[in-house]
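Here is what each chain is made of, one letter per residue.
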Amino acid sequence: MAQQMKSVKPSCNGKSRFETMGGALEEVPCLLCKSTSWTDYDTENGYRLVKCSDCGLLFTNPRPSSSEIDAASKSGMHKGDEELEVSGEFRPFMKEIYLSVLNDFQYPAKFTSDAPVDWLDIGCGHGEFVEALNIVGGEGIAVTGLEPNEHKRAAAKTRGMDLVFFDTTEHDRTYDVISALNVFSHLPDPREDIGQWVSMLNEGGELFLQTGDSSHLEAKHHHKPYSLPDHLSFASETLLVAMLESLGLEVVQVMKYRMGMFPRFTPVNIVKEIARFFLPGHTATFQFFPKHPERDMYIRARKPMNRENG
Ligand SMILES: [Zn+2]
């Protein structure tokens, strides 16, 4: 049932673009299993996060109507980005994290063949992951970074990086690997959107996804802010593995890391958290001992070779 959009507070990305649109809200079935049965989970910014009674996905419901969730959302647009003159900046520490993750997933071994690996990174932001891939892959990789936010593309250009933007639903190229880090929660229809990416994979190609493993947690243990309604859903390892398998993929490897917002309890980190507490728009959490800190999840999944052709 449609109702008038409420004014929302700034999200983690700054000002929400929905703040000024005054658009309608729409109630939606579960984004994964289409169930219309759910229970209240939590609220934020005047929005309600519900839990699907059938599969357990957490999703914003009601949410901004589909006419306001456009192609950009499907490639990682953070809603606040459009109205911000500056949309953050390149974070060198993220590149270091990605280099270590690529090693954990044994990706360097993939970049040794004669033909460069064709890799598309969807929602690449300032290009930290693209840069990490180029370092690890060298001559053995050809990376395309897809980023809907023009400010981020312009910023990347000053670093000598050419990021592009296109609508994935109208794209006819295929790739060896498609990655999407921190994009899942923005997808209006995850099964359909990720299914579209699977259709853009070569046979034997791979998906590499990163998102939180959190929908099974009690609300009091869930990381916050949820950043509703920019984040449309939160999943778990169980849900994502099941979805990828239902799209015909084989899950090769899953790894979970301590979420960045949960600092390790060291003297240096205690000092850093205190400093963050006093910075404007402070980001200190002081959550040194959260329940289930390892919820930053990466999944590598493969599209099987078509046996009829092989
Ligand atoms: Zn469901």
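Asks: Explain the pairing of strand S7 (residues 141-146) residue by residue, including any values.
Replies: Here strand S6 (residues 117-122) pairs with S7 via six bridges, running parallel. Counterpart to Ile122 in the pairing with S7 is Leu146. For the segment spanning S6, helix H2 (residues 128-137) and S7, crossover handedness is right-handed.

Asks: Please set out the sheet that holds strand S10 (residues 233-234) residue by residue, giving values where relevant.
Replies: Sheet architecture is open: four strands sit in the order S2-S3-S4-S10, paired in antiparallel fashion. Each edge of the open sheet carries a strand with a single partner, namely strand S2 (38-44) and S10. Here strand S4 (residues 58-60) runs beside S10; their pairing, made up of two bridges, is antiparallel. Its bridge partner lying in S10, Phe59 is registered against Ser233.

Asks: Pulling in residues and values, what's your account of the nonpolar core?
Replies: Most often, soluble globular proteins keep nonpolar side chains buried together rather than apart. In this structure, Leu57, Phe59, Ile178 and Leu207 are the most contacted members of the largest nonpolar core, which totals 57 residues. Looking at this core, the element that brings in the most residues is strand S8 (residues 175-181), giving five residues. Apart from residues no more than four positions distant in its own chain, Leu207 is found in contact with Ile178, Trp197, Val198, Leu201, Leu249 and Ala301.

Asks: Quick rundown of the pairing of S6? Include the residues and the values.
Replies: Counting buried residues in S6 gives five out of six residues, a clear majority hidden from the surface. Where S6 lies against S8, four bridges are found, and the strand directions are parallel. Considered in S8, the bridge of Ile122 is made with Ala180.

Asks: Could you give an account of helix H5 (residues 237-246), naming the residues involved and the relevant values?
Replies: For H5, the complete set of buried residues consists of Leu239, Leu240, Met243 and Leu244. Around the axis of H5, the buried residues are gathered within 125 degrees of arc, so they sit on the same side. Of the exposed residues in H5, the ones pointing more than 90 degrees away from its buried face are Glu245 and Ser246. Packing partners of the buried residues in H5 comprise helix H4 (190-199), strand S11 (250-258) and strand S12 (294-302). Just beyond H5, the residue with positive phi is Gly248, at close to 90 degrees.

Asks: Pulling in residues and values, what's your account of the sheet that holds S8?
Replies: With respect to topology, six strands assemble into an open sheet ordered S7-S6-S8-S9-S12-S11, the strand pairing being mixed. The open sheet is flanked by S7 and S11, the only strands paired with a single partner. Between one strand axis and the next, the sheet turns by 15 degrees as a mean value, whatever way the strands run. Against the sheet, H2 makes contact with S6, S7 and S8, and its axis sits at roughly 180 degrees relative to S7, the strand it touches most.

Cut-off values and rules
- Residues numbered from 1 in each chain as written.
- Predicted model: local features only at pLDDT ≥ 70, side-chain atom pairs only at ≥ 80, totals over all residues.
- Pairing = 2+ DSSP bridges.
- Helix = DSSP H or I, 4+ residues; strand = E, 2+ residues; numbered from the N terminus.
- Right-handed = clockwise from strand over helix to strand, strands pointing away.
- Core = buried A, V, L, I, M, F, W, Y, C linked by C-beta atoms within 7 Å.
- Buried ≥ 20, exposed ≤ 12 C-beta atoms within 10 Å, placed from the backbone.
- Contact = placed C-beta atoms within 7 Å.
- Arc of directions from axis to C-beta.
- Axes fitted to C-alpha atoms, helices over the stretch in contact; angles between N-to-C directions.

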